[in-house]
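# Observations on the three-dimensional arrangement
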Amino acid sequence: MTSTNEVSASRLEINDVVKRYGAHTALDGVSLTAEAGEFVVLLGPSGSGKSTLLRVVAGIEGVDEGRVLLGNALVADRRSHVPPEQRGLAMVFQDYALWPHLTVADNVAYPLRRKRVGRREAVDRVGGALERVGLAGYEKRYPSELSGGEQQRVALARALVGRPGLLLFDEPLSNLDADLRERLRVEIATLARESGATAVYITHDQAEAFALADVIGVLDQGRLVQFDRPETIYRHPANPFVARFTGLAGELAGQVTRVDGEFVVLDDGEQRLRARAVGRLAAGDPARLLVRPAATRILPAGSPGDGLLAGTVVDVAYRGRGYDHVVAVRNGTLSSVFGEQAWSRGTEVHVALDPEGCIAHGDPALIG
Amino acid sequence: MWAGTRSRAMLALVAATVVGLGASACGSSSPATSSASPAPLVVYSAQGYDKAVVDAFQKATGIQVKLVDDSTGPLLAKVAAEKSAPQWSLLWADGAEAFASLDSQGQLLKGYEPNVAWTAAGQSAVPQDKSYVPTGLTMAGAILYDPAKTPNPPTSWQDLLSPAWQGKVGMPNPAISGPTYPFVAGMMNQLGGEDQGKAYFTQLKTHGLQVFNTNPDSLHALTTGAIQIDLAQSSAAFAAIVKNPNLKVAFLDKVSLLPGAIGIDAKAPAPVQDSAKKFAEFVLSPAGQQAMLAGNPNGDSLYWPPVNGVSPLPSLPQLSSVAYQTVDPYLWGPKESEINSWFTQNVVK
Amino acid sequence: MTANNGASALAPVTDDRGQGSSARPVGGSRLPGPARSRPRWNGPATRRLAWSAAALVVGLVMLAPVLGFLLVAITPRTFGQGDAWFTLAPFRSALSGATLQSVLNTAITGVAAAVIATVIGTALALLLGRTKVAGAGLWRLGLWALLLAPSYLEALGWTRLVERDGVLAGLFGTDFHWLHQLVMGPAGVIWVLGSRGVPFAFLAVSGVVRGLGRDFEDAARVHGAGPWARLRITVGLLAPGLWAALAIVFAEAISDYGVAATLAAGSHFPIATFALAGAVTNFPADYPTAAALGWLLMVLVVLALLAQRMATRGRSYAVLSGRTRPVRPVPLRGWRSVLALAGLSLFFLLALGVPLLGTVSASLMGNFGTVNAHSFTLEAYQQVFQRSDLLAPVLLSVRLALITATVALIGGVLIARLLARRGGAARGKAVNVLDLLMLGAVALPAIVLGAGYIFTYNLPAVTGLGIQLYGTITLLVIGLLAGALPQASRLLMGSFSQVQDSLLAAARVHGAGTTRAWSTTMLPLLSGSLLWTWLLTFADRLLELPLASMLYPPGQQPLSVAVTTLINGYDFAAGTASLVVACVGILAVIGVALALFRLLAPAGWRRLEQR
């Protein structure tokens, strides 16, 4: 891959962007910066505004307020708007968006033709791009003759072939089967980084986000609620929404008994549990304990130690490397409780919680 | 979806429309501005020979004429729609009733009569207030039949009510076919009034009168044998004979005079009215009558000239051999809509 | 198109009231820089201006005449049609006696025709869309031919067939009196109007059939549904298409005049359009009552639309997704195939064969159309080609049809794109109004639309403003356009809703400006539909009569008016013959255009051909 070095990645800066559709505000003051060459994943449920944000970056949508800068050039504010074709970017769509009247080669060559790349070079680059996505020899076929996975690879080749400074991905894997999804995700991660371009990728799947991202932005109702490295998002979710959306085994109610630096001790009525505090918490505050799946471990009933929750196995699922259990504890249910061996349904067990994976939150709205 | 696509797309529509219209406007008229030459005319006509006459008139006088030719119904609909600002300078159609209606609404220039030698029949078609000018004469209610199939045609209007003619008589619907109303009105007139006339047509219906939409439809029925007697305008009947010499025309006692006439727009500027008068005079001149007689020899040219010194086409009998009446168009014109809708509801089918 | 059809239905709801700018790449830049990509001003004010300009033009084209005509009912004196500045009397006369009866007849006819057309149209859409019935191409061609044939030809054909001593009597030697009674009455009227609505229903339903995929049927099957139950499921899923079909056929049926003036008029079954035209063409013309009748027709259309809304409201039929499995057409074998072919043949015989008979018999027979081997003559056709006075009308009509079809295509594309896309609530309302207006324009018969143009553009107040449109070719083009736009945009709408927005977005994102994005993606994707829409509009407008006769400028007769003149001049055979020649000419144009498309269009475009 000698050619990839030609790409100069674009730095993307979004400042206080607001986008409204009539009375509905789709983006409500979103700001973020993707440094050149970074892989940014925007994570959020449907309706959170992540698609709108991507379309704003692409130039498909304009902004009502705020600014978008690409490579330090202003591309959109409330008065001006650089159309998508002049932004030097490429995009992979959820529904592939391959033109059914063009062959695979013509589809991939489209961006090159727009850039008036010479014929000889275009053929080489199309061949190279198809080879990189594993579709060498598919040039003459039409999209309708390909499977979903193959179509999305063509779309990926089309996005890469023009060596864009910014690569956009609009939930590219959501229409694919599970195993294919995994494989293509790896390819996207590899090829996007190989290309050197800045990438913005949107998804509602937290596993996808953690696997791909240099930086994750979590969107909720048009607001960017957290923009950080995956590790930080996992350990220090800005709020319960982020915590929930990035994966929880369960939630338990309790009361803060003691504050210990960035940790607090919670009393759930039976046990004292240590957890990382989010926001200001003081002794006596009611709080909610949010438990990451990886923080749980299943132990035989009567195991010695502090912070063990007694419970009953409700369900058990084989996961290859071990077993995931659903355990009913006194005031809640924990799922994805890992054990190397299976504990059959109805068994009394203890669940150990690692404080590093527990988050305490005092949001009153949440507790009610 | 696209930022701005729609507003630009809409602009494109505007542009395309403007361009399209601009392109189309190339052929549209521009008002004549010359003041020295006589004012140009816009002639609305339903006559088959109008094109020939207009050509001859332009050649003879140099006066520009724009012709709008259409069937009587749509033409009169157009005239009515234009009432607030008539675009025609001269209307030329069959049937005095329509002219009488226009005259009662003050749309026709009154008091103009060209200086010509009318025949008696022609004179009888000139209205008292001289608001329109007869240009040719036909008869409403001629009988068309095939002597091979119908050796003994009916001899009187009452005859048609006898069992011999049960289901064998046809006519067009006056609500659809323009020149048929004068026949219906004429029958009512000679039978003594609207009520007597309605009674007669109701009886005809019980005797199987078949009503067709248009004149060609009833002619078609006559040739297929679906009917044996077709009640038609004389020019249409003689036209049928041109196509099919086996057919014959007969006139019962009485038929009604159905003149073709010219009316001039009351609101037109004086120079235009002058040109229109020249047109009427030309039409009644020997040259104009010759053009009328030659213009549509298989159709409307089969009329009796209203002026002396011009002979009808040879296939027409002497007018003196026809027993006809004249009908007061000012009495029957205003009733047209009402009688036609009565006819449609009670006689058709 | 393929499995990735129509995923836009599931795409996030977006709107395009964003800014725009003309798409011209500056300096071949690959990367945007502050100096190279010049941000364009295109604020809300400009957008509003563009919209108002567009609304003004569309309003001028479509609304003014409709409103002008309708206003005559309320304020006749404004248009010189009576003494009253304001009155409701025309409504009284329209809602009494025979006129009221005609409105009721119209409503019944419209509903019955809509049901017939929708049933047959749905059957055809399912047969042609989901089975491998023999001769599919031929049947589709038949549908387009049906769309072309004027309604009065079908009515004429039936009349010739069943009249006393008509074709059937000539063939079988006996009068089919019962058939005569049946055809020359409500049943005949409903059939002709219904069969003419079939292509519209077919187009409305087959769009949905195409996107439906196989899964729903498979789901029904695994849950134990037999063929009939499966059909019920499918038909249930087709509801939006069915209701659209009912609404459009209803609107077309109640505004038809060709049948009203022929079959219906002769059978003591008055319908509103006939009463309306009668009020206008019988002297003295009664425009106020005609206008009141026009209002009633509009109300009927609004009721139909409301019924459609209520039936489909609150239910989502977003069945299309990127993963929809394409339907694999089922081969038909044995009795099923025979049944399908018999049904198709019967329908096309009754709907197409009959009008063909009508025209041909009328034109081949010198003497007013006697059915008799000896009376067949080609004399009329010789006349047509020898008449030099038909040349100018032919050229004028061709020019008018070319302009109208082209502008209608452009306008239809824009309107269809507007209607096909989903958007916010505000846009939803605007789209509803547009939809209503278009159907409203369909509901008014052309002759009164023409009268509306005269009222509006011949008003001294309007001409005083310097708007001298009446009596010009321009106004005739506008009128023809107003008649063509609703149909063109309806024809295109189905195709547009099938194309995902992302196909266009992908082109923009990968470097194409607006124009290029359209020409390289939408144009090829829709090339078939665009071509057909243009051809149909061209053909339809070439022979348009009622509007042309009301609006043609003095001295410039279009073909349809010239033909009418021939027929009025007792040259019935020559008139009909010239109609036949014109129809053959149109078919030849269509054939050549399609052949050229086949030959010249790139391979990929042809792959997309659905029809």
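Given the structure is predicted, the values throughout are model-derived calculations rather than measurements.

## Quick look at the overall build of chain A
- Scanning chain A from N- to C-terminus turns up nine helices and 20 strands.
- Referenced to the eigenvectors of the C-alpha coordinate spread, the extents of chain A come out at roughly 75 × 45 × 35 Å.
- Residue burial in chain A is summarised as follows: out of 368 residues, 49% are buried.
- Considering only contacts within chain A whose residues lie at least 6 apart along the sequence, 67% involve residues at least 24 apart.

## Observations concerning the sheet that holds strand β18 (residues 332-339) of chain A
Residues and elements named next belong to chain A.
- With antiparallel pairing, five strands are arranged side by side in an open sheet as β15-β19-β16-β17-β18. Every interior strand has two partners, whereas the edge strands, β15 (296-300) and β18, have only one. On average, each strand axis in the sheet is tilted by 45° relative to the strand beside it, whichever way the strands run.
- Relative to β18, strand β17 (residues 323-329) runs antiparallel, the two being bridged by six bridges. Counterpart to Asp324 in the pairing with β18 is Phe338.

## Some details on the nonpolar core
- Formed by 382 residues in total, the largest nonpolar core has its most connected members in Ala245(C), Val249(C), Val280(C) and Ala451(C).
- In this view, Val280(C) contacts Ala77(B), Ala285(C), Tyr287(C), Ala290(C), Ile447(C), Val448(C) and Ala451(C); residues no more than four positions away in its chain are not counted.

## Structural notes on the packing of helix α6 (residues 181-191) of chain B against helix α7 (residues 194-206) of chain B
Residue and element names in this part refer to chain B.
- For the pair α6 and α7, the least separation of the axes is 7 Å and the interaxial angle reads 115°. Relative to α7, α6 is oriented so that their crossing is right-handed. Along its contact with α6, which presents Met187, Met188 and Leu191, the element α7 presents Glu194, Gln196, Gly197 and Tyr200.
- For the contact of α6 with α7, the class distribution of residues is four nonpolar, two polar and one charged.

## Quick look at the confidence of the model for chain B
Residue and element names in this part refer to chain B.
- The predicted model of chain B has a mean per-residue pLDDT of 85, with 89% of residues at 70 or higher.
- Counting contacts from residues 1-35, a segment whose pLDDT is below 50, to residues more than four positions away or on other chains yields 78 contacts.
- Our summary of model confidence lists the complex with pTM equal to 0.74 and ipTM equal to 0.78.

## Quick notes on the environment of Leu566(C)
Residue and element names in this part refer to chain C.
- Structurally, Leu566 is set in helix α25 (residues 559-568).
- Judged by C-beta crowding, with 26 C-beta atoms within 10 Å, Leu566 ranks as buried.
- Considering only alpha carbons, one finds Leu566 and Gln468, 98 residues apart in sequence, at a separation of 31 Å.

Calculation notes
Numbering of residues starts from 1 in each chain and follows the order in which that chain's sequence is written. Whichever chain is written first becomes A and whichever ligand is written first becomes 1, with later ones labelled in order. In keeping with the predicted nature of the model, local features appear solely for residues at pLDDT of at least 70, side-chain atom pairs appear and are counted solely at 80 or more, and the whole-chain, interface and lining totals rest on all residues. Strands here mean DSSP runs of E at least two residues long; helices mean DSSP runs of H or I at least four residues long; both are numbered from the N terminus. To sort residues by exposure, count the other C-beta atoms lying within 10 Å of each residue's C-beta; 20 or more gives buried, 12 or fewer gives exposed, and values between give partly exposed, all with C-beta atoms placed from the backbone. In this description, a residue-residue contact is defined by the distance between C-beta atoms placed from the backbone, which must lie within 7 Å. When DSSP finds at least two bridges between two strands, those strands are taken to pair. Between the N-to-C directions of two axes lies an angle of 0 to 180 degrees, each axis being a line fitted to C-alpha atoms and, for a helix, fitted only over the stretch in contact. By definition, a nonpolar core groups buried Ala, Val, Leu, Ile, Met, Phe, Trp, Tyr and Cys residues that connect through C-beta atoms lying within 7 Å of each other. If you view the pair so one helix is near and one far, a crossing is left-handed when the near helix is turned anticlockwise from the far one by less than a right angle, and right-handed when it is turned clockwise. Under this grouping Gly is polar, as are all residues other than the nonpolar Ala, Val, Leu, Ile, Met, Phe, Trp, Tyr, Cys and Pro and the charged Asp, Glu, Lys and Arg. Values of pLDDT, which run from 0 to 100, indicate the predictor's confidence residue by residue.

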